[in-house]
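# Analysis of the macromolecular model
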Amino acid sequence: MTKLQKNIYISMLVAQGVVISLIENMIPYPFAFAPGAKLGLANLITIIAIFTMKKRETVFLISMRLVLATLLGGTISTFFYSASGAFLSFFGMLLIKQLGPKRVSIIGISAVGGFLHNVGQLLTTSFFAQSWAPMLYLPILSFLGLLSGIAIGIAANYLLKHVQTLKKFQLDYEQTTKQKREIF
C-alpha cells in the first residue's frame, strides 16, 4: 500500500468521523434520565481504525476528528470532554485488544471503549466541577456506554467483514504487525 493510499484512507475516516459527530450533535439527547448522554456513533471510526491502522495513525485520526468536529460545531469544553473520553477509550481498547481474538471480540473491545469513554468524560466533569459528585452518573452512563459500545461493535464487525476496502486495509495492517512480531 502506498503512502498516498494510506493518507487518503486516513482522510476519509477523519471526514466520516466528523460528519457522524456533526449529525449526532443535531440529534436531541435520546436519554432524558441521563442529560448529555449520546450514542457515540463517531467511535465506530475509532474501532475501524484500531483494526486497520497503526497506533500512531489512529491517534492522529482521533486528534484530527476531535479538532475538526470542535471547530465545526463545538466549544472548547466539548473538546475537553470529547478528548478525555476518546483517548481513555482508545487506550483501553488497545489494552483489551492485546488479549487476542480468541479471548475478546471486536464487540467486546467496543463495549469496553463505550464504558471507558463515559468514565473519561465523567472524570473531566469532576475535574472542572472540583467535585466527585458527577461520578454518581457512572452506573447509568456505564450501562448506556456498554449498550452503545455493543451496538457500535456489531456495526464495526459487520463493516470489517463486508466492506472490501476495509478488509484490504485490515489485511495489510495484520500482515505489517505480524512481520514486526517475527522480527522481534
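An account of the accompanying structure is given in this report. Computed from a prediction, not measured in an experiment: that's the story for all the values here.

## Remarks on the side chain of E24
If you trace the backbone, E24 turns up in helix α1 (residues 3–26). For E24, a relative accessible area of 9% translates into the label buried. A polar side-chain atom of E24 sits 2.9 Å from the main-chain amide nitrogen of L39. Separated by 2.6 Å, the side chain of E24 and the backbone nitrogen of G40 make a polar contact.

## Some points on the pattern of salt bridges
Per the stated rule, a full pass over the model turns up one salt bridge. E57 is paired through a salt bridge with K6; the nearest N and O atoms lie 3.7 Å apart. Note that E57 is positioned in helix α3 (residues 55–73) and K6 in helix α1, a separation of 51 residues in sequence. Taking relative accessible area as the criterion, E57 reaches 12% and is therefore assigned buried.

## Observations concerning the side chain of K97
Considering the arrangement of structural elements, one finds K97 in helix α4 (residues 76–97). A polar atom in the side chain of K97 sits 3.2 Å from the backbone oxygen of I50. In contact with K97, not counting residues within four places along its chain, are I50, F51, I109 and Y173.

## Some words on empty space enclosed by the protein
According to the stated counting rule, one finds two cavities of 30 Å³ or more in the structure shown. A volume near 30 Å³ is recorded for the second largest cavity. If you go around the second largest cavity, the residues you meet are N43, T46, I62, R65, A86, S89 and M93. For the lining of the second largest cavity, the elements supplying multiple residues, two or more each, are α2 (43–52), α3 and α4. Broken down by element, the residue count for the lining of the second largest cavity peaks at three residues, all from α4. A class-by-class count of the residues in the lining of the second largest cavity yields three nonpolar, three polar and one charged.

## Some remarks on the packing of α2 against helix α6 (residues 138–162)
Geometrically, a packed helix pair is captured by the angle between its two axes and the distance between the axes. Following both chains from N to C, one finds α2 and α6 inclined at 45°, their axes separated by 9 Å at the closest point. Taken as axis vectors, α2 and α6 run oblique relative to one another. In terms of crossing hand, the pair formed by α2 and α6 is right-handed. For the pair formed by α2 and α6, the contact residues are N43, L44, I47, I48, F51 and T52 on the first element and I152, A155, A156, L159 and L160 on the second.

What counts and what doesn't
Residues numbered from 1 in each chain as written. Predicted model: local features only at pLDDT ≥ 70, side-chain atom pairs only at ≥ 80, totals over all residues. Heavy atoms only, no water. Helix = DSSP H or I, 4+ residues; strand = E, 2+ residues; numbered from the N terminus. Buried < 20%, exposed > 50% of the residue type's maximum accessible area, 1.4 Å probe, protein only. Polar contact = N/O pair within 3.5 Å; in protein donor to acceptor, adjacent residues only side chain to side chain. Salt bridge = Lys/Arg side-chain N within 4 Å of Asp/Glu carboxyl O. Contact = heavy atoms within 4.5 Å. 1 Å grid on protein atoms, 1.4 Å probe; cavity = no way out; pocket = protein on both sides within 12 Å on 5 of 7 lines; lining within 4 Å. Points joined across faces, edges and corners; volume = space filled by probe spheres on them. Nonpolar A, V, L, I, M, F, W, Y, C, P; charged D, E, K, R; others polar. Axes fitted to C-alpha atoms, helices over the stretch in contact; angles between N-to-C directions. Parallel < 35°, antiparallel > 145°, perpendicular 65-115°, else oblique. Left-handed = near helix turned anticlockwise from the far one by under 90°.

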